[in-house]
Every structure is written in C-alpha cells, then in structure tokens.
Amino acid sequence: MFRITMQTCAVVLVAVSLLGGCSNEPPQGRERPPVAAPRQQQVQRGEELFKQYCAVCHPDGGNVSDPEHTLRGRALRSHHITKPQDIVRIMRTPISRMIRFDAATLSDEDAGAIAEYVLHAFR
C-alpha cells in the first residue's frame with residue numbers, strides 16, 4: 001500500500017511540475033519581433049516618386065515602349081525580379097529602352113522607395 005501511495009505521489013508531482021511551467025504568456029525577454037511589412041511611409045513616398053519619374057512610361061504598371069517588360073508581379077517574377085534591390089539595379093543600369101536613373105538623379109533611398117512601391121502596388 002505504501003508503495004502504491006508513493007508511486008501515485010510521484011506521478012502527481014511530475015504532472016504538477018510539468019503543467020505548472022505551462023503558460024499562455026510569451027516568455028519574458030523573448031518577445032518575437034513583428035512580421036516585417038512594407039514600410040508604409042516608404043511605400044507612400046515611393047508612390048509620389050513613381051508618379052514623378054516613372055508613371056509616364058509605366059502607367060498602371062504597364063510599359064508604353066516595351067509591353068514585355070511591365071512592372072506587374074507576374075512579369076517581374078518571370079524575369080527574376082523579386083526584391084527592391086533588383087528593381088534599383090535596373091533603374092541604375094536599365095535594360096530595354098528605359099532611361100537611366102543614376103544616384104545623382106535619384107538617391108539610393110528614393111530609388112528603394114520606388115522599388116518598394118512597385119513591388120507593393122503591382123503584385
């Protein structure tokens with residue numbers, strides 16, 4: 001009888017210790033960072049700059065001089081353009097008939113904002 005009582009107590013103690021450590025609260029000091037989303041201010045700035053520098057040749061994400069090279073998501077992905085850096089690279093060293101936007105014309109920050117806007121707006 002004593003042996004059964006001790007085994008039962010041991011099982012209860014193990015269960016209490018395991019369950020006592022469970023909590024719905026996140027661990028202290030280990031909060032997960034928020035999921036990265038396009039920076040809204042940068043996207044808004046990118047939209048303004050896009051209208052100023054790009055919209056004449058790329059209305060609604062199209063391309064007036066080369067319909068094969070639109071800014072729409074499917075077309076970009078088919079040309080392996082998936083990150084803002086890919087778009088900035090093309091702005092700096094264009095393909096097709098696109099004019100060149102060097103750093104003197106558009107800062108890296110502004111070019112990056114346009115790229116973020118393009119990826120966000122024309123998915």
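The name recorded for the chain in an unreviewed UniProt entry is Cytochrome c, from Oryzomonas japonica. Regarding the chain, the relevant UniProt record gives this comment under Sequence similarities (unreviewed entry): "Belongs to the cytochrome c family. PetJ subfamily." Its UniProt record gives the chain the following Subcellular location (unreviewed entry) comment, quoted word for word: "Cellular thylakoid lumen".

**Q** Just give me the short version of the pattern of salt bridges, but keep the residues and values in it.
**A** Counted by the stated rule, this structure contains six salt bridges. Residue Glu 47 is joined to Lys 51 by a salt bridge in which the shortest nitrogen-to-oxygen separation is 3.6 Å. Of this pair, Glu 47 and Lys 51 are both found in helix α2 (residues 40-53), four residues apart, which corresponds to roughly one turn of the helix. Taking the relative accessible area as the measure of exposure, Glu 47 reaches 31% and is therefore partly exposed. Look at the salt bridges and you will find they share partners, linking Arg 45, Glu 48 and Asp 110 into a network.

**Q** Could you give me a rundown of the layout of surface pockets, with the residues and numbers involved?
**A** Considering only enclosed or pocket space, the largest pocket measures out at about 470 Å³ in volume. His 58, Asn 63, Leu 71, Ile 90 and Met 98 are, among the 26 residues lining the largest pocket, the residues nearest its centre. Looking at the lining of the largest pocket, the elements with two or more residues in it are α2, α3 (73-78), α4 (84-92) and α5 (108-121). Sorting elements by how many residues they give to the lining of the largest pocket places α4 first, with three residues. In terms of residue class, the lining of the largest pocket is made up of 18 nonpolar, seven polar and one charged.

Conventions adopted
Residues numbered from 1 in each chain as written. Predicted model: local features only at pLDDT ≥ 70, side-chain atom pairs only at ≥ 80, totals over all residues. Heavy atoms only, no water. UniProt positions renumbered as here; feature names shortened; annotations may be inferred. Salt bridge = Lys/Arg side-chain N within 4 Å of Asp/Glu carboxyl O. Helix = DSSP H or I, 4+ residues; strand = E, 2+ residues; numbered from the N terminus. Buried < 20%, exposed > 50% of the residue type's maximum accessible area, 1.4 Å probe, protein only. 1 Å grid on protein atoms, 1.4 Å probe; cavity = no way out; pocket = protein on both sides within 12 Å on 5 of 7 lines; lining within 4 Å. Points joined across faces, edges and corners; volume = space filled by probe spheres on them. Nonpolar A, V, L, I, M, F, W, Y, C, P; charged D, E, K, R; others polar.

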